[in-house]
Amino acid sequence: MSERILSSAGQPVPTRQVLLPWQKAGLSFTATGYGRRIPTSYMVQLPGSPRWRRVYCCVFSNSGTCYVDGPRDESGKKKWIVISD
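Residues numbered from 1 in each chain as written. Predicted model: local features only at pLDDT ≥ 70, side-chain atom pairs only at ≥ 80, totals over all residues. Heavy atoms only, no water.

Each helix and strand counted, the protein has 1 helix and 7 strands in total. Reading the helices (α) and strands (β) of the protein from amino to carboxyl end gives β-β-β-α-β-β-β-β. Its C-alpha atoms put the protein at 35 × 35 × 20 Å along the principal axes. A burial count over the protein gives 36% of its 85 residues as buried. Nonlocal contacts in the protein, meaning residues at least 24 apart in sequence, comprise 34% of its contacts between residues at least 6 apart. Summed over all atoms, the accessible surface of the protein reaches about 5,800 Å², with 54% contributed by carbon and sulfur. (Helix = DSSP H or I, 4+ residues; strand = E, 2+ residues; numbered from the N terminus. Buried < 20%, exposed > 50% of the residue type's maximum accessible area, 1.4 Å probe, protein only. Contact = heavy atoms within 4.5 Å. Areas by Shrake-Rupley, 256 points an atom, 1.4 Å probe, with all protein chains shown as cover.)

With that out of the way, let us pick up the sheet that holds strand β7 (residues 78-82). Reading across from one edge, β3-β4-β5-β6-β7 is the order of the 5 strands in this open sheet, with antiparallel pairing throughout. Every other strand in the sheet has two partners, leaving β3 (15-17) and β7 as the edge strands with one partner each. Strand-to-strand twist in this sheet, taken as the mean axis angle between neighbours without regard to direction, amounts to 45 degrees. Note that strand β6 (residues 63-72) and β7 share 4 bridges and pair antiparallel. Within β7, the residue paired with Arg-72 across the bridge is Lys-78. (Pairing = 2+ DSSP bridges. Axes fitted to C-alpha atoms, helices over the stretch in contact; angles between N-to-C directions.)

Core analysis: the biggest nonpolar cluster contains 8 residues, these being Leu-6, Val-13, Tyr-42, Val-44, Leu-46, Val-55, Val-68 and Ile-83. The residues touching Val-44, leaving out its near neighbours within four places in the chain, are Leu-6, Val-13, Pro-14, Thr-15, Arg-51, Trp-52, Arg-53, Val-55, Val-68 and Ile-83. (Core = buried A, V, L, I, M, F, W, Y, C linked by side-chain atoms within 4.5 Å.)

This part covers the pairing of strand β5 (residues 52-60). Within β5, 7 of the 9 residues are buried, which leaves the element mostly enclosed by the surrounding structure. The hairpin turn running from strand β4 (residues 35-45) into β5, its antiparallel successor, is 6 residues long, and Gly-48 in that turn takes a positive phi close to 80 degrees. Judged from the 5 bridges that link them, β5 and β6 form a sheet pairing that is antiparallel. The partner of Cys-58 across the bridge, within β6, is Thr-65.

So, about the environment of Gly-33. Assignment of secondary structure puts Gly-33 in the loop between α1 (21-24) and β4. With 51 residues separating them along the chain, Gly-33 and Ser-84 place their C-alpha atoms 20 Å apart. If sequence neighbours within four positions are ignored, Gly-33 has contacts with Ser-28, Ile-38 and Val-59.

Counting buried residues in β4 gives 9 out of 11 residues, a clear majority hidden from the surface. One ladder, built from 6 bridges, connects β4 with β5; its direction is antiparallel. By the bridge assignment, Pro-39 is partnered in β5 with Tyr-56.

Below is the structure:
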């Protein structure tokens, strides 16, 4: 488990940190560090789900929003479930 306490909709969720190969090598996912779907080293388990989900970050300028992919809506688009600390 991670020392950070992450939450979804104000409720704490189980969290673990799993580094990806490029993170272990000390690299950045993109050359600029910006992007719409940048994987973080964190994974969370949402209430009522046995599945661990990767936390992604949408980063532009000096601001980012961390999220996990939620279920698809009627049009087939995945919804974002925002994660905060």
